[in-house]
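Structure assessment
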Amino acid sequence: MSDTVKNPAAYLEQLGHAAAQNPADPVDIAQAALMLAALDHSGLPLEPARAHLAGIAEAMAAQGPMILRVGDGARALSTQLSTRLGYDGDRFSYDDPRNADLIQVIERRLGLPVTLGILYMHAARAAGMAATGLNTQSHFLVRIGHRHDDVTIDPFNGGAILEIGHPLPAALGDAHLAEPVGDIDVLLRLQNNLKIRALEKSRTERALEIAGRMTLIAPQRPDVWFDLARLNEANGVLGASRRAYERCMALSSPGEALHNEAAALLAHLKRRLN
């Protein structure tokens, strides 16, 4: 086992730098989500969760040669993750932070759409299918592809296939017009759920902690540095706030709204520091 796998923060930092160099490449998304969760479980052995993920991959890889059509693949995913392993969306305590923590999702078999989506993406790729996250209004779906065809599935609802032309719940919007997002964006969405829950409970220090993790996996994203700067400022960590504003500006272009806003807030912060 490599040292970075033993050290979640080092693993995520390495992942972030690699993803910045090749943003279109998929990452080991379940392993990354596990490392993010591990930051909240210091000292907890990760071998059971890793073995569980490996078992999912092994079972789906064995089915891969028998998957001739993408619909067959979608049903195999649902059978493995929902029917056999019991994964489902947590409808009764949706806002529970445990639903965005992959270690606890594996333990409870309950989660948010994005956390469950990561498991479905992991399983689909192990079977030799393509899998991409989709951001829709107030929801997260997964599009899987196989042999020049694709379908959209809903991991929160047992991996159900959302057929083209089939009316969707209003909260989902139009899943077939949703823009695919990269793996790093999926992981950022996962962390953003934790950050929002923390802010809703006025836990600004916890929100700051999560924002810092987001810069590990997306070090070239000016928006995550801007968010980190604001949270540092809110927590009175002004030196770190200044550095984060400066990093945001270095990664954005003069004239862009985010760059201009960061510049104005940095100027105000410097007056406070002086």
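This text follows the structure it describes.
The structure contained in this document is the topic of the report that follows. (Residues numbered from 1 in each chain as written. Predicted model: local features only at pLDDT ≥ 70, side-chain atom pairs only at ≥ 80, totals over all residues. Heavy atoms only, no water.)

Examining the overall build of the protein
Counting its secondary structure elements, the protein contains 12 helices and seven strands. What you see for the protein is a C-alpha radius of gyration of 20 Å, in line with the 19 Å of a compact globule of 274 residues. When the backbone C-alpha atoms are referred to their principal axes, the protein occupies close to 65 × 45 × 40 Å. Looking at the protein as a whole, 50% of its 274 residues qualify as buried. Of the contacts formed within the protein by residues at least 6 apart in sequence, a portion of 57% connects residues at least 24 apart. Split by element, the accessible area of the protein, about 13,000 Å² in all, is 52% carbon and sulfur. Averaging the coordinates of the 27 positive side-chain charges in the protein and doing the same for the 31 negative ones gives two points 3 Å apart. (Helix = DSSP H or I, 4+ residues; strand = E, 2+ residues; numbered from the N terminus. Rg over C-alpha atoms; globule rule 2.2 N^0.38 Å. Buried < 20%, exposed > 50% of the residue type's maximum accessible area, 1.4 Å probe, protein only. Contact = heavy atoms within 4.5 Å. Areas by Shrake-Rupley, 256 points an atom, 1.4 Å probe, with all protein chains shown as cover. Lys, Arg positive; Asp, Glu negative; His and termini not counted. Charge placed at Lys NZ, Arg CZ, Asp CG, Glu CD.)

Comments concerning the nonpolar core
Ranked by size, the top nonpolar core spans 77 residues in total, and within it Leu-15, Leu-77, Ile-118, Leu-119, Ile-144, Ile-153 and Leu-187 carry the most contacts. The leading source of residues in this core is helix H3 (residues 29-38), at nine residues. Aside from chain neighbours lying at most four places away, what touches Leu-15 is Val-27, Ala-32, Ile-184, Leu-187 and Ile-217. (Core = buried A, V, L, I, M, F, W, Y, C linked by side-chain atoms within 4.5 Å.)

Focus: the packing of aromatic side chains
Inspection of every chain in the model, using the stated rule, returns two aromatic pairs. When the ring of Tyr-94 is compared with that of Phe-156, the centres are 5.7 Å apart and the planes differ by 70°; the resulting orientation is edge-to-face. Here the residue Tyr-94 occupies a position in the loop between strand E1 (88-89) and helix H6 (102-108), and Phe-156 occupies one in the loop between strand E5 (149-154) and strand E6 (160-162), the gap between them amounting to 62 residues. Phe-156 gets classed as buried once you look at its relative accessible area, which sits at 8%. For the ring pair Phe-226 and Tyr-245, a centre distance of 6.1 Å and an interplane angle of 65° mean the geometry is edge-to-face. (Phe/Tyr/Trp six-rings, centres within 6.5 Å; stacked < 30°, edge-to-face > 60°.)

Some details on the sheet that holds E6
Here we have five strands laid out as an open sheet, ordered E6-E5-E4-E3-E7, and antiparallel in their pairing. Two strands bound the open sheet, and with one partner strand each, they are E6 and strand E7 (180-181). Both strand E3 (residues 130-136) and E7 contribute to a ladder of two bridges, which runs antiparallel. Bridge pairing in E7 links Leu-134 to Pro-180. Lying over the sheet, helix H7 (residues 113-126) contacts E3, strand E4 (139-146) and E5, oriented at roughly 10° with respect to E4. (Pairing = 2+ DSSP bridges. Axes fitted to C-alpha atoms, helices over the stretch in contact; angles between N-to-C directions.)

Examining the environment of Leu-199
Along the chain, the position of Leu-199 falls in helix H8 (residues 183-200). Among the residues examined, Leu-199 registers a relative accessible area of 39% and is labelled partly exposed. Between the C-alpha atoms of Leu-199 and Leu-77, which are 122 residues apart in sequence, the distance is 35 Å. Residue contacts for Leu-199: discarding those within four places in its chain leaves Thr-204, Ala-207 and Leu-231.

Details of helix H12 (residues 257-273)
The terminal C-alpha atoms of H12, which comprises 17 residues, lie 24 Å apart, in line with the 24 Å expected from a rise of 1.5 Å per residue. When we look at burial in H12, the residues that qualify are His-259, Ala-262, Leu-266 and Leu-269. All buried residues of H12 fall inside an arc of 90° around its axis, so they share one side. Of the residues in H12, the exposed ones pointing more than 90 degrees away from the buried face are Ala-257 and Arg-271. Along its buried surface, H12 packs onto helix H10 (222-234) and helix H11 (238-251). (Expected span 1.5 Å × (residues − 1). Arc of directions from axis to C-beta.)

Structural notes on the side chain of Gln-80
Mapping Gln-80 onto the fold places it in helix H5 (residues 70-84). Only 3.3 Å separates the side chain of Gln-80 from the side chain of Arg-84, close enough to count as a polar contact. With sequence-adjacent residues up to four places away left out, Gln-80 is seen in contact with Ala-59, Met-60, Gln-63 and Leu-85. (Polar contact = N/O pair within 3.5 Å; in protein donor to acceptor, adjacent residues only side chain to side chain.)

Digging into the pattern of salt bridges
One pass over the full model with this rule turns up 16 salt bridges. Taking the shortest distance from any N to any O, the salt bridge between Asp-95 and Arg-197 comes out at 3.3 Å. Of this pair, Asp-95 sits in the loop between E1 and H6 while Arg-197 sits in helix H8; the two residues are 102 residues apart in sequence, bridging distant segments of the chain. We classify Asp-95 as partly exposed; its relative accessible area is 46%. One salt bridge in this structure joins Asp-227 and Lys-195, with 2.3 Å as the shortest N-O distance. Residue Asp-227 is found in helix H10, and its partner Lys-195 is found in helix H8; the two are separated by 32 residues along the sequence. (Salt bridge = Lys/Arg side-chain N within 4 Å of Asp/Glu carboxyl O.)

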